[in-house]
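Architecture at a glance
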Amino acid sequence: ITEVFTQAMPVLEKLEEAGFEAYFVGGCVRDLLLERPIHDVDIATSAYPEEVKETFAKSIDTGIQHGTVTVLYGGSSYEITTFRTESGYQDFRRPDKVTFVQNLDEDLKRRDFTINALAMNRQGEIIDLFDGLGDLKRRVIKAVGVAEDRFHEDALRMMRAVRFMSQLSFSLEEKTRQAIINNHELLSKISVERIREEFVKLALGKDSRQAFKDFLATGLSEECPGLAGKKDQLSVFTDLKAGPDDEAVFWSLIAVLINLPADKISPFMRAWKNSNAMNQQVRQIVAAFDLLSRGEESDFDLFEIGQENLEAALKLAGLLGKPLSSQALLDRYNRLPIKAAGELAIDGQWLIKEGIKPSPELGQLLRKALEGVVSGQVENSQAAIAEFLAI
Ligand code: ATP
Ligand code: MG
């Protein structure tokens, strides 16, 4: 039992002392048994949210309508959720009604996969109703109960299945796989934001290439924005030298694999409900990658690409097995006289003081000075630049 659980034990103790049942549940138990790092400790309890709040000094109502209270204790925070079942799944999405129940068994039944339906009590005993322990050993993702039904209740679970494959290097249990194949179309009922969250976790997991193969083979990719009909192009992902380890590089990779023209990247990124910042970054990375691939980049191009996007474009090239001379390009970048426009010895104010009127010409002079300095034609000093610009 790790440090994280030792720290969390008093939380279970306090709930039990107050007369309630309480267990560690879900991902944290799974990760403990797999000896993976544990990020959040989730607790399931028979106490109602109000009762949880009364038991602890500091709490936050994070999802009280779903029965979840976040408790701050000993410098950490814990999500404590009342035992519940879910019902009234409409449109193959999240339940619209949660019902609190009095025992753990009911709560474990609503969980997605056997390995996520494990609980642990204060004595360190594992409660395992669906042979999650066996599936951990066999390294398979298997739905709790009848897979078909479970994906009908909540179609996002199909994406979660391939996401966990990637993160854990597990395979899909056969009936679970068949149920995904039969029901992949239901994924279209799920909001893009929720699909994206699982997709990015899949992409950045340690076994993403294998999981991506199943993402394509089960038909799930057909239900994703911009990916329908692109199976062949996307299958290159499964043969990459390594998987991506950066989200922006991942989206850039997808854009390159499906041959998106420059002006189609933004609509694609928007269709996935990515942030404007991510959208912009991906456009810049792909543009940099294209430029570097042609091998015609000037020092000023490198300056405009900037360190972050240069490194990302080189990562992308590395994943695709493109022989770009990364070290040489980075060395060239590092030797640039300045790395940002702000480092230029002159600015607009200075030009105005030198008698240039605010005008388009002023902008052109600034640009000329910047290009001159970046390309090493002129030293970065006011005197040298003034002479260079002949003002
Ligand atoms: P992670 O390490 O990524 O947080 P996790 O297993 O904790 O993995 P969460 O999304 O945080 O995953 O969910 C916590 C637990 O809640 C899961 O382990 C599972 O038991 C249950 N769960 C989450 N989403 C669903 C779902 N869509 N259907 C059924 N159970 C779910
Ligand atoms: Mg979690």
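As named in an unreviewed UniProt entry, the protein is CCA-adding enzyme, taken from Lactobacillus leichmannii. UniProt lists a comment for the protein under the heading Sequence similarities (unreviewed entry), and it reads "Belongs to the tRNA nucleotidyltransferase/poly(A) polymerase family. Bacterial CCA-adding enzyme type 3 subfamily." Listed in UniProt under the heading Subunit (unreviewed entry), the comment for the protein reads: "Homodimer."

Quick look at the UniProt feature "domain: CCA-adding enzyme C-terminal" (unreviewed entry) in the protein now. Per the UniProt record, the feature "domain: CCA-adding enzyme C-terminal" (unreviewed entry) sits at residues 246-389. Taken end to end, residues 246-389 is 69% helix and 0% strand, and its first and last C-alpha atoms sit 42 Å apart.

Attention now moves to the site of ligand 1. Neighbouring ligand 1 are Gly-26, Gly-27, His-39, Asp-42, Arg-111, Asp-112, Asn-116, Ala-117, Asp-154, Leu-156 and Arg-157. Looking at the shell around ligand 1 residue by residue, the class counts come to two nonpolar, four polar and five charged. Taken domain by domain, the shell around ligand 1 gets at least three of its residues from each of domain 1 (1-136) and domain 2 (139-239).

As a further point, take the sheet that holds strand β2 (residues 42-45). In space, the seven strands of this open sheet follow the order β3-β4-β5-β2-β1-β8-β9, with mixed pairing throughout. Since the sheet does not close on itself, it has two edges, and those belong to β3 (58-63) and β9 (126-127), each with one partner. Bridge count for β3 against strand β4 (residues 68-73) is four bridges, and the pairing is antiparallel. Pairing of Lys-58 across the sheet is with Leu-72, part of β4. Along the sheet, helix α1 (residues 3-17) makes contact with β1 (22-25), β2, β4 and β5 (76-82), crossing β1 at roughly 145°.

Take the pairing of β4 next. Between the end of β3 and the start of β4, which pair antiparallel, lie four residues, with Gly-67 showing a positive phi angle near 90°. Alignment of β4 against β5, held across six bridges, turns out to be antiparallel. By the bridge assignment, Thr-68 is partnered in β5 with Thr-81. Taking the residues between adjacent antiparallel strands as the criterion, β4 and β5 are bridged by two residues, where Gly-74 takes a positive phi near 55°.

This part takes up the UniProt feature "binding site: ATP" (unreviewed entry) in the protein. The UniProt record marks Gly-27, Arg-30, Arg-111, Asp-154, Arg-157, Arg-160 and Arg-163 with the feature "binding site: ATP" (unreviewed entry), using the residue numbering of this structure. Mapped onto the elements of the fold, Arg-30 is located in helix α2 (residues 27-33). Aside from chain neighbours lying at most four places away, what touches Arg-30 is Ile-115, Asn-116 and Leu-118. Secondary-structure assignment places Arg-163 in helix α7 (residues 156-168).

Right, let's talk about the nonpolar core for a bit. By size, the foremost hydrophobic cluster in this structure holds 102 residues, and its most contacted members are Ile-43, Ala-119, Ile-285, Ala-313 and Leu-316. Non-local contacts of Ala-313, meaning those with residues more than four positions away in its chain, are made with Ile-285, Ala-288, Phe-289 and Leu-292.

Looking at the element boundaries, Lys-175 is found in helix α8 (residues 174-183). For Lys-175, a count of 13 C-beta atoms within 10 Å puts it in the partly exposed group. Here the alpha-carbon distance between Lys-175 and Lys-142, two residues 33 residues apart in the chain, equals 7.9 Å.

Once that is clear, we can look at unusual backbone geometry. You will see that Asn-259, though not glycine, has its phi angle at about 55°, which is positive. Tracing the backbone through its elements, the reader meets Asn-259 in the loop between α12 (247-257) and α13 (262-271). Residue classification places Asn-259 among the exposed positions, given that 9 C-beta atoms sit within 10 Å. Positive phi, normally seen in glycine, also occurs at Lys-273, with a value near 60°. Checked against the element boundaries, Lys-273 lands in the loop between α13 and α14 (276-294). Note on Lys-273: 14 C-beta atoms within 10 Å, which makes it partly exposed.

About the cut-offs
- Residues numbered from 1 in each chain as written.
- Chains lettered and ligands numbered in written order.
- Predicted model: local features only at pLDDT ≥ 70, side-chain atom pairs only at ≥ 80, totals over all residues.
- UniProt positions renumbered as here; feature names shortened; annotations may be inferred.
- Helix = DSSP H or I, 4+ residues; strand = E, 2+ residues; numbered from the N terminus.
- Near = placed C-beta within 6 Å.
- Nonpolar A, V, L, I, M, F, W, Y, C, P; charged D, E, K, R; others polar.
- Domains from an automatic or database assignment.
- Pairing = 2+ DSSP bridges.
- Contact = placed C-beta atoms within 7 Å.
- Axes fitted to C-alpha atoms, helices over the stretch in contact; angles between N-to-C directions.
- Core = buried A, V, L, I, M, F, W, Y, C linked by C-beta atoms within 7 Å.
- Buried ≥ 20, exposed ≤ 12 C-beta atoms within 10 Å, placed from the backbone.

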